[in-house]
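Given next are the chains, with one letter for each unit.
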Amino acid sequence: MDSLTGEKADLLRRLGVLDATAIVIGIVIGSGIFVLPNLIARNLPSSGAILTAWIVSGVLSYFGALAYAELGAMMPVTGGQYVYLREAYGPLCAFVGAWVFMLAVLSGGSAWLAVTFSIYAGYFLPLTPVTSKLMAIAVIAALSAVNYLGVREGAWVQRTFTFLKVAALLVLIGAAFFASHSRAVAKASDSPPVSFAHFSVAMAACLMAYNGWSYVSFVAGEVRDPQRNLHRALLIGMTAVAILYVLANLAYMRVMTIPEIASTERVGEELATRTMGSIGGTFLSLTVLLSIIGAVNGRILTAARLPFAQARDRLFFARFGEIHPRYQTPATAIVWGGLWTAILVLSGSYETLYSYSILAAWIFYTLSVAAVFVLRRKLPQAARPYRMWGYPITLWLFLAVSVWFMVNAILAQPWPSFMALVIVATGVPAYWIWCSRGVVFDQNQAGVKARQPRSGL
């Protein structure tokens, strides 16, 4: 609490452009690039179609990142996406969005990654089903503790493991291109034409692999010079991810034929084994472990900022909006986020919950990007240090693909889609129950605060 103004203190701006970039890359690159090429190759019969799907998905994801860059420069405060939804559509939409991400998207994703970590750790250690779950919980607890102790500590872990995962991925790619025996590849046969339905399935998988770039917006209130650095981090991060994804797919197709990729469940492991020999499986497992640590740490670092921002708006428990007096972190939000994720691991419900939450997440990605259009009309005089490149074409392209992605998901997977909408719907009564407690939300005051953030220095 500021003793002179009576206002609550803000989180300090301790993250530089390198930290923000590491968050983008570290969260986006998880384990998808090692397993999703199998699904994509089953639907796309030619290398050209496969590369097109990855490149188009990367470009469209970048268009979404450009929208977040404009919103982040306009409102560089903690909570990011939550704040954008609040300013554009009001507190109900913002509350429901944060509810979905806290309940399912971030926690479910972290739990799924932590369990995947324990599976790959089994390559080095004999694990029973019980010890496997304990290891997954230990990963969540250890990374939560690091982020509890300080944002600098969390950022250091993020930088370190992002660097290691990128280096390991480059080694894997390099082995495919430079290993002498990797050139003995069967000639590709004539490919059948690509159907729109199959391309849609592949595109959906690629977009899932690019998921997570929006999370850096949650820590916008802790980024130094956010008007410039948020845009830089998104630009550098998404460009790096797209290049790595394309190179990885070129590496797969250099060593394996497309039918072989389609029939191989763990494509990354097969590539490592063929190019590195017996040590390949060990190297791939280590690469996945490094990748997952960076992805989980990034989620823990950013996720706690959502309930923190809500609590500051008096739309969540007040303790979640408190800053630890010594470590200057949203400590309560970090602890409870870790506990909820651990519960999902123990219950085994994380995989189902996370699969249900993908569509729910895209609903709010779409609304957040559309907020650029809404706020340019609602707040035309607001300062915009960065304006979305290619607007309005890039914005409408992203929105069109997002709507297609969601409609396609509903038609292809009606039950998971229905459950995703149920998860979203549960946020509405939760909001009204919260409001019935007598809490009054002052949107005008919150909006002024969002557009005129304190420096935090």
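Residues numbered from 1 in each chain as written. Predicted model: local features only at pLDDT ≥ 70, side-chain atom pairs only at ≥ 80, totals over all residues. Heavy atoms only, no water.

Here the focus is the overall build of the protein. When helices and strands are counted, the protein shows 18 helices and zero strands. For a compact globule of 457 residues, the expected C-alpha radius of gyration is about 23 Å, and the protein comes in at 22 Å, within 12% of that figure. In terms of overall dimensions, the protein has a C-alpha envelope of 70 × 50 × 40 Å along the principal axes. Residues classed as buried in the protein amount to 58% of the 457 residues present. A separation of at least 24 residues holds for 83% of the contacts in the protein among residues at least 6 apart in sequence. Of the accessible surface of the protein, which amounts to about 18,800 Å², a share of 68% is contributed by carbon and sulfur atoms. With 32 positive and 18 negative side-chain charges, the protein shows a spacing of 3 Å between the two charge centroids. (Helix = DSSP H or I, 4+ residues; strand = E, 2+ residues; numbered from the N terminus. Rg over C-alpha atoms; globule rule 2.2 N^0.38 Å. Buried < 20%, exposed > 50% of the residue type's maximum accessible area, 1.4 Å probe, protein only. Contact = heavy atoms within 4.5 Å. Areas by Shrake-Rupley, 256 points an atom, 1.4 Å probe, with all protein chains shown as cover. Lys, Arg positive; Asp, Glu negative; His and termini not counted. Charge placed at Lys NZ, Arg CZ, Asp CG, Glu CD.)

With that out of the way, let us pick up the pattern of salt bridges. Summed over all chains, the structure comprises eleven salt bridges. Of the charged contacts in the structure, one is a salt bridge between Asp-10 and Arg-312, with a shortest N-O distance of 3.8 Å. Note that Asp-10 is positioned in the segment before helix H1 (17-28) and Arg-312 in helix H13 (residues 305-312), a separation of 302 residues in sequence. This pair shows no difference in class: Asp-10 is buried, exactly as Arg-312 is. Of the charged contacts, one joins Glu-270 and Arg-274 as a salt bridge, the two residues approaching to 2.8 Å between their closest N and O atoms. Taken as a pair, Glu-270 and Arg-274 lie in helix H11 (residues 267-276) at a separation of four residues, close to a single helical turn. (Salt bridge = Lys/Arg side-chain N within 4 Å of Asp/Glu carboxyl O.)

Our focus in this paragraph is the packing of aromatic side chains. Evaluation of the coordinates by the stated rule reveals 26 aromatic pairs. Here the aromatic rings of Trp-213 and Phe-398 are separated by 6.3 Å at their centres, their planes lie at 80°, and the arrangement is edge-to-face. Here Trp-213, found in the loop between helix H8 (196-209) and helix H9 (226-255), pairs with Phe-398, found in helix H16 (residues 393-412); they are 185 residues apart in sequence, far enough to count as distant. A relative accessible area of 3% means that Trp-213 is categorised as buried. (Phe/Tyr/Trp six-rings, centres within 6.5 Å; stacked < 30°, edge-to-face > 60°.)

Looking now at the side chain of Arg-384. Along the chain, the position of Arg-384 falls in the loop between helix H15 (350-378) and H16. Taking relative accessible area as the criterion, Arg-384 reaches 11% and is therefore assigned buried. Polar contacts involving the side chain of Arg-384 include one to the main-chain carbonyl oxygen of Leu-379, which spans 3.0 Å. Here the side chain of Arg-384 touches Ala-382 through a polar contact of 3.2 Å, landing on its backbone oxygen. Once residues lying within four places of it in the same chain are set aside, the contact partners of Arg-384 are Glu-70, Met-74, Leu-375, Arg-376 and Leu-379. (Polar contact = N/O pair within 3.5 Å; in protein donor to acceptor, adjacent residues only side chain to side chain.)

This brings us to the confidence of the model for the protein. With 91% of its residues at a pLDDT of at least 70, the protein reaches an overall mean of 87. Predicted confidence for residues 1-7 stays below pLDDT 50, and this span has eight contacts to residues more than four positions away or in other chains. In this model residues 182-189 is a low-confidence stretch, pLDDT under 50, and it forms 14 contacts with partners more than four residues away in sequence or in other chains. (pLDDT = per-residue confidence, 0-100.)

Attention shifts here to unusual backbone geometry. Excluding glycine, most residues fall at negative phi; most peptide bonds, likewise, are trans. The omega torsion of the bond from Tyr-391 to Pro-392 falls at 5°, within 30 degrees of zero and hence cis. By secondary structure assignment, the location of Pro-392 is in the loop between H15 and H16. Not every positive phi belongs to a glycine, and Arg-314 is a case in point at roughly 60°. Topologically, Arg-314 is positioned in the loop between H13 and helix H14 (331-347). When its relative accessible area of 49% is taken as the criterion, Arg-314 is described as partly exposed. Phi angles above zero are rare outside glycine, and Gln-328 is one such case at about 55°.

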